[in-house]
Amino acid sequence: MSSSAESLSQLPLREDLRGLSPYGAPQLEVPILLNVNENTHGVPADVHAAIVEAVEKATQGLNRYPDREFTELRQNLASYLGHGLTPEQLWAGNGSNEVLQQVLQAFGGPGRTALGFPPTYSMYPLLASGTGTRYITAEREHGYAMTPEATARAVRDSAANVVFLCSPNNPTGTALGLDVIEAAYAAGEAANAIIIVDEAYGEFAHQGTASALSLLSGRARLLVSRTMSKAFALAGARIGYLAAAPEVTDALRLVRLPYHLSALTQATANAALTHAHTLLSNVEAIKVQRDRIVTELELLGLTPSPSDSNFVFFSGLEDPHRIWEGLLEAGVLIRDVGIPGSLRVTAGTEQETTAFLTALARLLSADGEQPPARAVD
């Protein structure tokens with residue numbers, strides 16, 4: 001036993017937390033970071049200037065608590081999302097993880113159950129553990145698909161109090177049809193289940209892929225969470241939010257910490273939303289590189305999953321961890337998600353994408369695992 005583990009074992013830790021590992025992707029200093037689905041384009045100069053100006057103004061009042069109801073932010077989020085949403089339907093937190101944690105604090109907890117559909121976002125079971133919520137899973141179908149019938153059956157049979165639906169799904173990148181979400185909602189009626197659709201990567205969806213935001217009207221138990229970490233390139237600012245019925249946001253007020261969103265966080269988010277068009281201009285460039293990755297991986301003889309996100313999940317590798325290590329040696333960090341034969345890569349800039357594809361083709365060719373790829377643009 002390591003010294004830190006031994007020391008931890010001597011503390012009166014909750015029994016359900018013993019033996020667990022914290023969330024964590026490798027944080028390594030390499031030239032090209034494509035492992036945690038960040039927006040590698042960064043914040044445009046004019047938006048950066050606007051954020052700095054807004055934060056500087058906010059610092060003049062740091063002796064006072066921030067707006068507890070983050071009124072301006074809720075107004076800006078409602079305007080950004082559209083779909084007829086009102087500020088009373090918006091909620092925000094320090095990253096979407098905090099928002100999801102608050103949902104479990106309000107609607108989960110001891111004696112209650114949350115349902116997930118792995119492979120999916122690895123924080124769901126950790127958030128459940130932290131809130132004393134029992135976490136159970138249901139299998140996906142071939143190719144990690146989810147159908148309305150199978151989803152409804154899983155929700156109904158589990159009698160779960162909270163259901164996580166990730167769309168586009170992390171790590172596979174695939175989006176759910178609205179019929180799957182509608183089926184899950186209807187099946188959860190008997191247990192009065194909260195249905196959470198996690199749309200962290202929603203802005204990267206292909207044209208024509210519908211958002212669960214369109215289903216909110218008349219569905220008080222349906223919540224749609226989003227983040228400003230990805231499309232808005234604000235991972236370091238930690239801003240997440242959700243849209244739901246006003247009674248849901250009232251419920252979250254019961255569990256949030258006082259003044260949980262700092263004045264600086266609110267200022268950053270408001271400045272960014274005011275310049276949403278500029279920030280989202282990079283989304284289209286990222287989608288081009290994502291689609292390029294899918295095409296090139298297929299030419300390499302691999303099997304990428306269809307992606308509506310800013311990353312690509314791909315299979316067909318005999319030794320994915322060796323490929324991961326080889327890419328790391330080449331200065332490219334991607335994600336080994338622990339699924340046999342598979343890896344996940346973030347779509348970065350054109351130059352970053354080229355570096356990844358070139359290094360991957362070289363590794364596969366050297367192994368004889370796959371035929372050499374054609375030249376990459």
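Above this text is the structure in question.
None of these values were measured; they are calculated from a predicted model.

**Some thoughts on unusual backbone geometry**
Of note, the bond from P118 into P119 is cis; its omega dihedral lies within 30 degrees of zero at 0 degrees. P168 follows S167 through a cis peptide bond whose omega is -5 degrees. The backbone of N37 shows a phi angle near 60 degrees, a positive value even though the residue is not glycine. Along the chain, N37 falls in the loop between β1 (32-33) and α2 (45-59). A relative accessible area of 1% means that N37 is categorised as buried. Despite not being glycine, F70 shows a phi value in the positive range, around 35 degrees. Locating F70 in the fold gives a position in the loop between α2 and α3 (71-81).

**Looking at the pairing of strand β4 (residues 134-137)**
With 4 bridges connecting them, strand β3 (residues 113-116) and β4 associate as parallel partners. Bridged to L115 within β4 is I136. Taken together, β3, helix α5 (residues 123-130) and β4 form a β-α-β motif whose crossover is right-handed.

**With respect to the pattern of salt bridges**
One pass over the full model with this rule turns up 10 salt bridges. Put simply, R253 and D250 hold a salt bridge, and the shortest N to O gap is 3.0 Å. With a gap of 3 residues between them, R253 and D250 both fall in helix α8 (residues 246-253), about one helical turn apart. Residue R253 is classed as partly exposed on the basis of its relative accessible area of 24%. The exposure class assigned to D250 is partly exposed, which follows from its relative accessible area of 46%. What emerges from the salt-bridge pattern is a single network uniting E69, D250, R253 and R256.

**As for the packing of aromatic side chains**
Throughout the structure, instances matching the rule amount to 8 aromatic pairs. Summarising the aromatic geometry, the rings of Y124 and F164 are spaced 4.3 Å apart at their centres and angled 10 degrees between planes, so their arrangement reads as stacked. Of the two residues, Y124 is situated in helix α5 and F164 in strand β5 (residues 162-166); the sequence distance between them amounts to 40 residues. Taken individually, Y124 and F164 each receive the classification buried, so the pair is uniform in this respect.

**Re the side chain of S309**
The residue S309 is located in the loop between β9 (303-304) and β10 (311-315) in this model. Overall, S309 belongs to the buried group, its relative accessible area being 1%. When neighbours within four sequence positions are excluded, S309 is seen to be in contact with P168, G173, Y201, F204 and R290.

**Considerations on the sheet that holds strand β12 (residues 342-346)**
Across the sheet, which stays open at both edges, the 3 strands sit in the order β9-β10-β12 with antiparallel pairing between neighbours. The sheet is open, and its two edges are formed by β9 and β12, each paired on a single side. Bridge count between β9 and β10: 2 bridges; the pairing is antiparallel. Opposite P304, over in β10, you have F314 as the bridge partner. Sheet strands touched by helix α10 (residues 276-299): β9, β10 and β12. Its angle to β10, the strand with the most contacts, is close to 15 degrees.

**Notes on the sheet that holds strand β8 (residues 240-243)**
The sheet built from 7 strands is open, its strands ordered β2-β8-β7-β6-β5-β3-β4 with mixed pairing. Taken across any chain shown, the strands that pair with only one partner, and hence form the sheet edges, are β2 (90-93) and β4. When strand polarity is set aside, the average angle formed by the axes of neighbouring strands in this sheet is 25 degrees. Summarising the sheet, strand β7 (residues 222-227) and β8 pair through 4 bridges and their orientation is antiparallel. Each bridged residue has a counterpart across the sheet, and for T227 the counterpart in β8 is G240. On top of the sheet, α5 reaches β4, β5 and β6 (194-198); it is set at about 155 degrees to β4, its chief contact. Set on the sheet, α8 makes contact with β2, β7 and β8; between it and β2 the angle comes to about 30 degrees.

**Here we look at the nonpolar core**
With 107 residues, the main nonpolar core has L165, L297, F314, I334, F356 and L360 as its most contacted residues. Excluding residues that lie within four positions of it along the chain, L165 makes contacts with F117, M146, T151, L176, I181, A184, I195, I196, V197 and D198.

Parameters and conventions
- Residues numbered from 1 in each chain as written.
- Predicted model: local features only at pLDDT ≥ 70, side-chain atom pairs only at ≥ 80, totals over all residues.
- Heavy atoms only, no water.
- Helix = DSSP H or I, 4+ residues; strand = E, 2+ residues; numbered from the N terminus.
- Buried < 20%, exposed > 50% of the residue type's maximum accessible area, 1.4 Å probe, protein only.
- Pairing = 2+ DSSP bridges.
- Right-handed = clockwise from strand over helix to strand, strands pointing away.
- Salt bridge = Lys/Arg side-chain N within 4 Å of Asp/Glu carboxyl O.
- Phe/Tyr/Trp six-rings, centres within 6.5 Å; stacked < 30°, edge-to-face > 60°.
- Contact = heavy atoms within 4.5 Å.
- Axes fitted to C-alpha atoms, helices over the stretch in contact; angles between N-to-C directions.
- Core = buried A, V, L, I, M, F, W, Y, C linked by side-chain atoms within 4.5 Å.

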